[in-house]
Each structure stands twice: as structure tokens, then as C-alpha cells.
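A look at the structure
Read off the chains here:
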Amino acid sequence: MVFKPQRFFGEKPEVEIEFSDREPLETAVARLLAVSDGVDASDISVTATGSAVFLSGGVTWPEEIDRAVEIALSVPGVEKVDADLAAEYARKPDDV
């Protein structure tokens, strides 16, 4: 059996362990989003680069986007948050 070097479409894959400094910040933001009120974070992905955090994915209501950014900014070490979050519904009904 011959083992060839792993490649991803001709490029070497990005190994996450080489960027281990991202993991603590990403984990801290994701955990706080998961336990905080006012946002359903089940479809939010968190990516960190230095002290900047990028949130992507979807939420149910538009108000949750601002809440997610607010929560991410409250994590120590986060200086900037960019969000590419889409709301499933335009606004909450009056009876909710």
C-alpha cells in the first residue's frame, strides 16, 4: 500500500492546530452565545483572527443579531466583531 501526502484540491489543508491561538477565543465566544438569553446560537459559527471575531450563520429574529454581537464583544480579548448573520423572520409577532 502506498500512502500519498494528503491534499485538498491540489492545496495542502489548513491544519487547525497551527492556529491554536484562535481556539480559546472562539470557544469562549461560542460558549457564552450558547448560554446567553436573547439569542438562539444553534446556527451561529464563530471564527477568530487575533482579537477580531467573525460570526456567521443564521438566527430566528433580527434582534438576535445585535444581541449576538453584544455578547461576543463582552468576552475578554474580543476587540472587534463582524457579523454575517441572516434572520429567518423579518420581525417578531406582537403576541410573542
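In this report, the structure presented in the accompanying data block is examined.

The next thing to look at is the sheet that holds strand β2 (residues 52–59). Ordered in space as β1-β2-β3, the 3 strands form an open sheet in which the pairing is mixed. Edge positions in the sheet fall to β1 (44–49) and β3 (80–87), since each has one partner strand and no second. Geometrically, the sheet is characterised by an average inter-axis angle of 10° between neighbouring strands, direction not taken into account. Relative to β2, β1 runs antiparallel, the two sharing 6 bridges. Within the sheet, the bridge partner assigned to Ile 44 lies in β2 and is Gly 57. Together, β1 and β2 form the strand contacts of helix α1 (residues 22–35), whose direction differs from that of β1 by roughly 150°. Sheet strands in contact with helix α2 (residues 63–73) are β1, β2 and β3, and its direction is about 155° off that of β3.

Looking now at the nonpolar core. Membership of the largest hydrophobic core comes to 19 residues, with the highest contact counts inside it found for Val 29, Leu 33, Ile 44, Val 53 and Leu 55. Of all the secondary structure elements, the ones that give two or more residues to this core are α1, β1, β2, α2 and β3. Counting residues per element, this core draws most heavily on α2, which supplies 4 residues. Each residue touching Leu 33, except ones within four places of it in the same chain, is listed here: Val 39, Ala 41, Ile 44, Val 46, Leu 55, Ala 68 and Ile 71.

Mapped onto the elements of the fold, Gly 58 is located in strand β2. Separated by 27 residues in sequence, Gly 58 and Leu 85 place their C-alpha atoms 5.0 Å apart.

Spacing of three or four residues puts side chains on the same side of an α-helix, whose turn is 3.6 residues. Residues of α2 that are buried: Glu 64, Ile 65, Ala 68, Ile 71 and Ala 72. Looking straight down α2, one finds that the buried residues subtend no more than 130° of arc, so they occupy a single side.

Rules used in this analysis
- Residues numbered from 1 in each chain as written.
- Predicted model: local features only at pLDDT ≥ 70, side-chain atom pairs only at ≥ 80, totals over all residues.
- Heavy atoms only, no water.
- Pairing = 2+ DSSP bridges.
- Helix = DSSP H or I, 4+ residues; strand = E, 2+ residues; numbered from the N terminus.
- Axes fitted to C-alpha atoms, helices over the stretch in contact; angles between N-to-C directions.
- Contact = heavy atoms within 4.5 Å.
- Core = buried A, V, L, I, M, F, W, Y, C linked by side-chain atoms within 4.5 Å.
- Buried < 20%, exposed > 50% of the residue type's maximum accessible area, 1.4 Å probe, protein only.
- Arc of directions from axis to C-beta.

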